[in-house]
Amino acid sequence: GQVVLLNNWATWCPPCREEMPEFKAYYEKYKDEGFQLVAVEAGQPEPEVRAFVEELGLEFTVLLDPENLSLITFQQSSLPNSFVIDRSGNLRLVWVGTINIPTLEKFVTPLLEELP
């Protein structure tokens, strides 16, 4: 019943780091309207990821993926990449590269208004 944005990223990836504040702002704005963000970190050690998450004050779900299973599953070899799943569980959007708030507003916000 949620709209989920799954983002594959890494702490060493400059474009990934660049989009995290955008994701944070969008998540904080829409989390109460059924938006979930799951950031899957591609292979860095937990202490490094934790420090990054704490530094930015990220409140959405951040998962560790030491074996890069998310990248393998989604057949991706570059970072960042993102997938948006609608309230009915359908994959609706795919991005390779950074995302900003205007893009999220244009493409994701309408999905929040859809009923499952």
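Shown above is the structure to which this text applies.
The rules behind each value
Residues numbered from 1 in each chain as written. Predicted model: local features only at pLDDT ≥ 70, side-chain atom pairs only at ≥ 80, totals over all residues. Heavy atoms only, no water. Helix = DSSP H or I, 4+ residues; strand = E, 2+ residues; numbered from the N terminus. Buried < 20%, exposed > 50% of the residue type's maximum accessible area, 1.4 Å probe, protein only. Polar contact = N/O pair within 3.5 Å; in protein donor to acceptor, adjacent residues only side chain to side chain. Contact = heavy atoms within 4.5 Å. Pairing = 2+ DSSP bridges.

## A look at the side chain of Q76
Item 1. Mapped onto the secondary structure, Q76 falls in the loop between α3 (69-73) and β4 (81-85).
Item 2. What makes Q76 buried here is its relative accessible area of 19%.
Item 3. A distance of 3.3 Å separates a polar side-chain atom of Q76 from the backbone oxygen of F74.
Item 4. Not counting the four nearest positions on each side in its chain, Q76 is found in contact with L71, N81, F83 and V96.

## Considering the pairing of β4
Item 1. With four of five residues buried, β4 lies mostly within the body of the structure.
Item 2. Note that strand β1 (residues 3-9) and β4 share five bridges and pair antiparallel. Its bridge partner lying in β4, L5 is registered against V84.
Item 3. Two elements, β4 and strand β5 (residues 91-96), share five bridges in a ladder whose sense is antiparallel. Paired with V84 across the strands is L93, a residue of β5.
Item 4. Where β4 hands over to β5, the hairpin turn is made up of five residues, of which G89 adopts a positive phi near 90°.

Functional significance is not addressed by these values, which are geometric in nature.
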